Amino acid sequence: MTLPDPHLLEPLDLGFVKLRNRVLMGSMHTGLEDDPRHFERLQAYFAERAQGGVGLIVTGGFAPNIEGWAAPFSGRLATRRAAARHRPLTQAVHAAGGHIALQILHTGRYGYHPLAVAPSRLKAPISPFTPRALGERGIERQIRAFVRCAVLAREAGYDGVEIMGSEGYFINQFIAAHSNRRDDRWGGSFEQRIRLPVEIVRRTRAAVGPDFILIYRLSMLDLVPDGSDWSEVVQLAQAVESAGATIINTGIGWHEARVPTIATSVPRAAFAWVTRKLKGQVGIPLCATNRINTPDVAEKILADGDADMVSMARPLLADPEFVNKAATGRADEINTCIACNQACLDHVFQRRIASCLVNPRAGHETELRYEPATRPRRIAVVGAGPAGLACATVLAGRGHRVDLYDGAPEIGGQFNLARRVPGKEEFAETLRYFARRLQVTGVNLRLGTRADAAMLRQGGYDEFVLATGVVPRDPGIPGAAEHRATGRVLGYADVLTGRVACGPRVAIVGAGGIGFDVAEFLVAGGHSTALDLSAWQREWGVTDPAIARSGLATPQPEPPARQVYLLQRKAAPLGKGLGKTTGWIHRAALRMKRVEMIGGVNYERIDERGLHISFGTEHAQPTVLEVDQVVLCAGQEPLCDLYQPLLEAGHGVHKIGGADVATELDAKRAIDQGSRLAARL
Ligand code: NAP
Ligand code: SF4
């Protein structure tokens, strides 16, 4: 039999250990690392991914000491007692035929606590804490902490460690002149600035022996001013190889960089070319990272010789069986990571346990289980948006007989709009996954069928799940109703489906997630840079670090397709409620396209001239935005007219998603609620 992805599935022989394939599960902080009481959950989380076929798992970051903490009391490995608690984790991975390395993460000036240390007393723009500059003895203490942590990891049964040298953390802070202003032997020239990583790798290798995996995560593209140029990247890579590293993993961009590196609008495999540049410069395996989310993308990187391994972190949150599915010709069954960050990174920054928007079991493996139904029942699910799809497929997967109704000719609900937004093409993958999952689980799909209460009552069902979604809110602006008829006032669906083409000047009423999406759609003019790597690089100012230090160039965005005004009534900055790790990208993208973002407005009326607005309770500064169209993106109301009649007829009826609560509805809540209900019924 020919294997579907021969390069991806090829074992990697490191001399003293053989990895079963080329997939490295990249380090992803879940929050479970921070409290030993969560280790049973962490173990289940790793075990599922090892059972799913991952070659080498890298844990979320563990600090080697208190100064290296990400935040107070975050995960740390500094004592033998702590190491003993890791044993069940490593045993579970080994029992599943996998390998696991512990990531040693010293956050330096990114530490969210007053004990943070750094090469120089320079506050990071993304932290409120100013670090203490280390003296010679302090630096020695940090090196010893790294070495000790690695030794303890070995005692705990890990197959190796990853030394985190990128993303702007402690080690990276020493390497780059950006944050290292020292004039002793740890600063100044590049040779002196890389003394720290080289010492850490050399002394770690000496302490752990030759048969222990030592991954060094190397910042190949800093994307901040005064980072490394390419010759320095090569010099560092060769130095860490000589010092004893087994694998070099790729690091792209500091956390404070103003270039997106993993968001969904970043093209797939956008940085594989960086890893490729290092091929041939060192003899040890190189691992490519960032926005690698399907077996095809991973396979191509390996087949093209860009890297020897591929790192995937979030894709393995989304689907723990990624590798096994790829290996058995079932890539179309993979639940693909859409790079939204909404349940993983955004949770971590809110100090919540990471999960996954498309897979709510991630991080909750011990508690959210889809067990076979003890008494299979007939269940009608109404609405094939994310909530209904999740619910129907989990129910059917558990053995229930499920009919799924939707009045539309296709599945997807609001996801069908989202996937049309430039930079959100990945959302189509979720629909591909669900479409396949409906087939695999045997859901009876009844599209183009608007179910009414009478029809449902006669269907002989035991339970009903209403996932009928939302209707757009009418903000009741004077003149809007009559200008609906003239086409001057549009709903967001009119725009995103392409039913109506907009003119050169458009005002958007409402600056929530959908208002931002519509703005991005309107300024892009049909060209998505997420599908065009060189255009994306020009837009964000990313270039070859052999041409410009750190890979930073002057951004050269394409001019906007039209003038767009994005409006809200609140006086707060626009986009404040967007995702923690992605909101800044949406705001920056719209600024680049010269979108005028105006807060604190009153909508006075709409007429032939355009949208009349004013400001404040006094209705001051009356202004008319002379626009061709006004697009309403003023939020949603639940659509759930089947609930009462079914309930009154004495049936078991459940509401999920927007049909339940429309306020702040997003796909994360919809899929989570649908899946959890389906696990219970
Ligand atoms: P939303 O986020 O609740 O935003 C609604 C917008 O409409 C707000 O800007 C609000 O601002 C305005 N608004 C509310 N009532 C209004 C009224 N009566 N008259 C005029 N304006 C009014 O809703 P959405 O944009 O429809 O998004 C729905 C959900 O989908 C959100 O929860 C969102 O998180 C999710 N989504 C997320 C993304 C993403 O990128 N993560 C993208 C799309 C959708 P003012 O009240 O200040 O005017
Ligand atoms: Fe990927 Fe979004 Fe899931 Fe995070 S939450 S793993 S970005 S799909």
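Below you will find a few notes about this structure. (Residues numbered from 1 in each chain as written. Chains lettered and ligands numbered in written order. Predicted model: local features only at pLDDT ≥ 70, side-chain atom pairs only at ≥ 80, totals over all residues. Heavy atoms only, no water.)

Another aspect to go through is the site of ligand 2. Taken together, R314, L317, C337, I338, A339, C340, N341, A343, C344, C356 and L357 make up all the residues around ligand 2. When each cavity is represented as a set of grid points, ligand 2 is found to reside in the largest cavity. (Near = heavy atom within 4 Å. 1 Å grid on protein atoms, 1.4 Å probe; cavity = no way out; pocket = protein on both sides within 12 Å on 5 of 7 lines; lining within 4 Å. Sits in = over half its atoms within 2 Å of the grid points.)

All right, on to the site of ligand 1 then. Ligand 1 sits among 20 residues. The nearest are A511, R569, K570, Q636 and L665. The separation between an oxygen atom of ligand 1 and a polar main-chain atom of A511 is 2.8 Å. Between R569 and ligand 1, the recorded distance is 2.9 Å, taken from a side-chain N or O atom to an oxygen atom. Isolated, ligand 1 exposes 880 Å² of accessible area, and the fraction of that covered by the protein chains is 79%. Looking at the shell around ligand 1 residue by residue, the class counts come to seven nonpolar, seven polar and six charged. (Polar contact = N/O pair within 3.5 Å; in protein donor to acceptor, adjacent residues only side chain to side chain. Areas by Shrake-Rupley, 256 points an atom, 1.4 Å probe, with all protein chains shown as cover. Nonpolar A, V, L, I, M, F, W, Y, C, P; charged D, E, K, R; others polar.)

A word on the pattern of salt bridges. This structure, assessed with the given rule, holds 45 salt bridges. The partner of E429 in a salt bridge is R268, and the shortest N-O contact between them spans 2.9 Å. Taken together, the residues E429 in helix α15 (residues 427-441) and R268 in the loop between β10 (247-252) and α8 (272-278) connect sequence positions 161 residues apart. Assessed through its relative accessible area of 32%, R268 is described here as partly exposed. (Salt bridge = Lys/Arg side-chain N within 4 Å of Asp/Glu carboxyl O. Helix = DSSP H or I, 4+ residues; strand = E, 2+ residues; numbered from the N terminus. Buried < 20%, exposed > 50% of the residue type's maximum accessible area, 1.4 Å probe, protein only.)

Before going further, it helps to examine empty space enclosed by the protein. As enumerated under the stated definition, the model contains one cavity of 30 Å³ or more in all. Space inside the largest cavity adds up to approximately 90 Å³. As for the largest cavity, its lining consists of 15 residues, and the residues nearest its centre are C337, C340, C344, C356 and L357. Residues belonging to the lining of the largest cavity are distributed by class as follows: 11 nonpolar, three polar and one charged. (Points joined across faces, edges and corners; volume = space filled by probe spheres on them.)

The strands making up a sheet associate through backbone hydrogen bonding, with each pair oriented either parallel or antiparallel. An order of β3-β4-β5-β8-β9-β10-β11-β12 is seen for the eight strands of this closed barrel, with the pairing classed as parallel. Each neighbouring strand pair of the sheet contributes to a mean axis angle of 30°, computed without reference to strand direction. As judged from the six bridges shared by strand β9 (residues 213-221) and β10, these two strands associate in the parallel manner. When the bridges of β10 are listed, I215 appears paired with I247. Taken strand by strand, helix α2 (residues 80-95) contacts β4 (56-62) and β5 (99-104), and its axis lies near 140° from that of β5. Each of β11 (286-288) and β12 (309-312) touches helix α9 (residues 295-303); the most contacted strand, β12, lies at about 150° to it. (Pairing = 2+ DSSP bridges. Axes fitted to C-alpha atoms, helices over the stretch in contact; angles between N-to-C directions. Contact = heavy atoms within 4.5 Å.)

Another aspect to go through is the packing of helix α1 (residues 39-51) against α2. Orientation of α1 relative to α2, taken along the N-to-C sense of each, is 20°, at an axis distance of 8 Å. Between α1 and α2, the angle is such that the two are roughly parallel. Once α1 is placed against α2, the crossing between them reads as right-handed. Contact with α1, carried on its side by F39, L42, Q43, F46, A47 and A50, involves R85, H86, P88, L89, A92 and V93 of α2 and no other residues of that element. Across the contact of α1 with α2, the residue classes tally to nine nonpolar, two polar and one charged. (Parallel < 35°, antiparallel > 145°, perpendicular 65-115°, else oblique. Left-handed = near helix turned anticlockwise from the far one by under 90°.)

Looking now at the pairing of strand β16 (residues 463-466). Every second residue of β16 is oriented toward a common face, with E463 and V465 on one face and F464 and L466 on the other, all of them buried. With four bridges joining them, strand β13 (residues 378-382) and β16 adopt parallel strand pairing. Its bridge partner lying in β16, V381 is registered against V465. For β16 and strand β27 (residues 652-655), the ladder comprises four bridges, and the chain directions are parallel.

Now for the sheet that holds strand β25 (residues 629-632). Ordered in space as β18-β25-β19-β20-β21, the five strands form an open sheet in which the pairing is parallel. Lying at the two open borders of the sheet, with one neighbouring strand each, are β18 (489-491) and β21 (596-598). Taking the axes of each pair of neighbouring strands and ignoring which way they run, one obtains an average angle of 20° across the sheet. Bridge count between strand β20 (residues 563-567) and β21: three bridges; the pairing is parallel. Within the sheet, the bridge partner assigned to L566 lies in β21 and is M597. This element, helix α19 (residues 513-524), spans β19 (505-509), β20, β21 and β25 of the sheet and lies at about 175° to β20.

Moving on, we come to the pairing of strand β22 (residues 601-607). Across the seven residues that make up β22, a large majority, five, are buried. Of the strand pairs in this sheet, β22 and strand β23 (residues 610-615) are connected by six bridges, and their pairing is antiparallel. Paired with I606 across the two strands is L611, which belongs to β23. Linking β22 to β23, which pair antiparallel, is a turn of two residues.

The next thing to look at is unusual backbone geometry. Here the phi dihedral of D226 falls at roughly 60°; this positive angle occurs in a residue that is not glycine. By the element assignment, D226 lies in the loop between β9 and α7 (230-243). For R291, which is not glycine, the phi torsion reads 55° and is therefore positive. Mapped onto the elements of the fold, R291 is located in the loop between β11 and α9. Look at R291 and you get buried, because its relative accessible area is 6%.

Quick look at helix α21 (residues 583-592) now. Counting buried positions over the 10 residues of α21 gives seven, a clear majority of the element. Within the sequence span of α21, burial applies to G583, W584, I585, A588, A589, L590 and M592. On its buried side, α21 packs onto α19, α20 (533-540), β20 and β21. Phi for R594, located one or two positions after α21, is positive at around 55°.

This brings us to the environment of G111. With respect to the helices and strands, G111 occurs in the loop between β5 and β6 (117-118). As a C-alpha pair, G111 and D211 span 100 residues in sequence and 32 Å in three-dimensional space. Residue contacts for G111: discarding those within four places in its chain leaves W69, A70, A116, S127 and F129.

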